[in-house]
Amino acid sequence: MIYLSHFEFPGREREYDFTMRLKRTCYDTIYPFLILSEHQLKMLDFEEVTILYGGNGSGKTTALNVIAEKLDLARDTLYNRSNFFEDYTNMCSYKTVGKIPKDSRIITSDDVFDFMLNLRSINEGIDRKREELFEDYLEAKYSHFQMHSLEDYETLKKVNSARRSTQSKFVRNNLQDNVREHSNGESAFLYFADKIKENGLYLLDEPENSLSPEKQQELLRFLEDSARFFQCQFVIATHSPFLLSMKGAKIYDLDEEIVDVKRWTELGNVRAYYDFFKKYEREFQ
């Protein structure tokens, strides 16, 4: 499904006209001006899956942030939004096919990282609570408690529960059962699975961060299925060879002198992997 048809950036001439008229000389940077136009990126035409490929500093993250800002997409964390972002996005334009779905959003590596930190903090709290419950169990099970008034009722319930249960069952029954411990990769994947719904436009900034090669391939299948069966559209900034191989993806190479559309097997990052493993091919036999 295509919701965002194309997006147009101001171009070098319009940027220069703006900067020449600029009187706010107290600022050290005019970001995001003069970033995307360096490689003559003026327009992106989108497919169901569109990928922005390039190294650090190529402008792929800037492009996603500009598009998200112009479309007013939901996001979870702040980003590098300079004083000139509004000036720049006012000079951009776009065309949609119908309305952008309400659940559409941008997902960045910062979003995923914050989610993992929060989940880890919760699990550390669970760990501390678990240790406390171990002590409670032993104290309750082997106590010589006798109830003397209604004020002792809660203690009585704890003692009876400990005497009827094994230690592990006692702890499990008293912990929150909806929080589980996951590796960073599992937690990151959970974030994508939770945020990406049916019928939405999603901008993903380097989603491979924190994912193992196996998890990157799992994410690849998840995104392909979401586009194919659940009417999702994706614009992805990545240099992961696994995600670059996505079926039917239109790939813009932002590392070129003039931004060009390429097949994933033509990209420098992918060729570097290919050449490396080709060199050691015999060791895999």
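Keep in mind that this is a model prediction, so the values were computed, not measured.

Caption draft 1: Quick peek at the overall build of the chain. Looking only at helices and strands, one finds ten helices and nine strands in the chain. Taken as a whole, the chain presents about 16,900 Å² of accessible surface, with 47% of it coming from carbon and sulfur.

Caption draft 2: Expanded view of the sheet that holds strand β5 (residues 105-107). Pairing within the open sheet is mixed, and its six strands lie in the order β5-β6-β7-β3-β8-β9. The sheet is open, and its two edges are formed by β5 and β9 (260-262), each paired on a single side. The mean angle between the axes of side-by-side strands here comes to 20 degrees, regardless of whether they run parallel or antiparallel. Judged from the five bridges that link them, strand β6 (residues 201-205) and strand β7 (residues 233-237) form a sheet pairing that is parallel. Following the sheet pairing, Leu201 is matched in β7 by Gln233. The sheet contacts of helix α8 (residues 213-229) involve β3 (49-53), β6 and β7, and relative to β7 the element is tilted by about 150 degrees.

Caption draft 3: Representation of the pairing of strand β8 (residues 250-253) within the structure. Of the two faces of β8, the one lined by Lys250 and Tyr252 and the one lined by Ile251 and Asp253 are each fully buried. As paired elements, β3 and β8 share four bridges and run parallel to each other. Bridging across to β8, Ile51 finds its partner in Ile251. Two elements, β8 and β9, share three bridges in a ladder whose sense is antiparallel. Of the residues in β9, the one forming a bridge with Asp253 is Asp260. Following β8, the chain reverses through six residues before pairing antiparallel with β9.

Caption draft 4: Local environment of the packing of aromatic side chains. If you walk through the whole model with that rule in mind, you get twelve aromatic pairs. On the basis of an interplanar angle of 55 degrees and a centroid distance of 5.1 Å, the ring pair of Phe276 and Tyr280 is categorised as tilted. Taken together, the ring pairs connect Phe18, Phe33, Phe84 and Tyr88 into an aromatic cluster. Note that Lys215 overlies the ring of Phe189, its terminal NZ or CZ placed 5.2 Å from the centroid.

Caption draft 5: α8, seen in detail. In this model α8 runs 24 Å from its N-terminal to its C-terminal C-alpha over 17 residues, within 8% of the 24 Å that 1.5 Å per residue would give. Immediately beyond the C-terminal end of α8, within one or two residues, lies Gln231, with a positive phi of roughly 55 degrees.

Caption draft 6: A look at the sheet that holds strand β2 (residues 43-45). What the three strands build is an open sheet, ordered β2-β1-β4; its pairing is antiparallel. This sheet does not close on itself; its edge strands, each paired only once, are β2 and β4 (93-96). The average angle at which neighbouring strand axes cross in this sheet is 10 degrees, direction not considered. Bridging between strand β1 (residues 4-8) and β2 involves three bridges; their strand directions are antiparallel. Paired with His6 across the two strands is Asp45, which belongs to β2. Contacts from helix α2 (residues 60-71) reach β1, β2 and β4, with the element oriented near 110 degrees to β1.

Caption draft 7: Examining a nonpolar patch on the surface more closely. Among the surface-exposed residues, Tyr273, Phe276, Phe277, Tyr280 and Phe284 lie close enough to one another that they form a single nonpolar patch of about 550 Å² accessible area. Relative accessible area serves as the criterion here: at 42%, Tyr273 is assigned to the partly exposed category.

Caption draft 8: Layout of the confidence of the model for the chain. In the predicted model, the chain carries a mean pLDDT of 83, and the fraction of residues at 70 or more is 73%. Here residues 175-181 is a poorly scored stretch, pLDDT under 50, and it has twelve contacts once near neighbours within four places are set aside; other chains count.

Caption draft 9: Up close: the side chain of Glu208. Relative to the helices and strands, Glu208 is located in the loop between β6 and α8. The side chain of Glu208 sits in the buried core without any salt bridge; Lys60 is the nearest counter-charge, 7.2 Å away. Reaching out from Glu208, the side chain makes a polar contact with the side chain of Thr238 at a distance of 2.8 Å. Separated by 3.4 Å, the side chain of Glu208 and the backbone nitrogen of His239 make a polar contact. With sequence-adjacent residues up to four places away left out, Glu208 is seen in contact with Gln216, Ala237, Thr238, His239, Ser240 and Leu243.

Criteria and cut-off values
Residues numbered from 1 in each chain as written. Predicted model: local features only at pLDDT ≥ 70, side-chain atom pairs only at ≥ 80, totals over all residues. Heavy atoms only, no water. Helix = DSSP H or I, 4+ residues; strand = E, 2+ residues; numbered from the N terminus. Areas by Shrake-Rupley, 256 points an atom, 1.4 Å probe, with all protein chains shown as cover. Pairing = 2+ DSSP bridges. Axes fitted to C-alpha atoms, helices over the stretch in contact; angles between N-to-C directions. Contact = heavy atoms within 4.5 Å. Buried < 20%, exposed > 50% of the residue type's maximum accessible area, 1.4 Å probe, protein only. Phe/Tyr/Trp six-rings, centres within 6.5 Å; stacked < 30°, edge-to-face > 60°. Lys NZ or Arg CZ within 6 Å of the ring centre and 35° of its normal. Expected span 1.5 Å × (residues − 1). Patch = residues over 30% accessible without salt bridge, like charges linked within 9 Å, V, L, I, M, F, W, Y side chains within 5 Å. Salt bridge = Lys/Arg side-chain N within 4 Å of Asp/Glu carboxyl O. pLDDT = per-residue confidence, 0-100. Lys, Arg positive; Asp, Glu negative; His and termini not counted. Polar contact = N/O pair within 3.5 Å; in protein donor to acceptor, adjacent residues only side chain to side chain.

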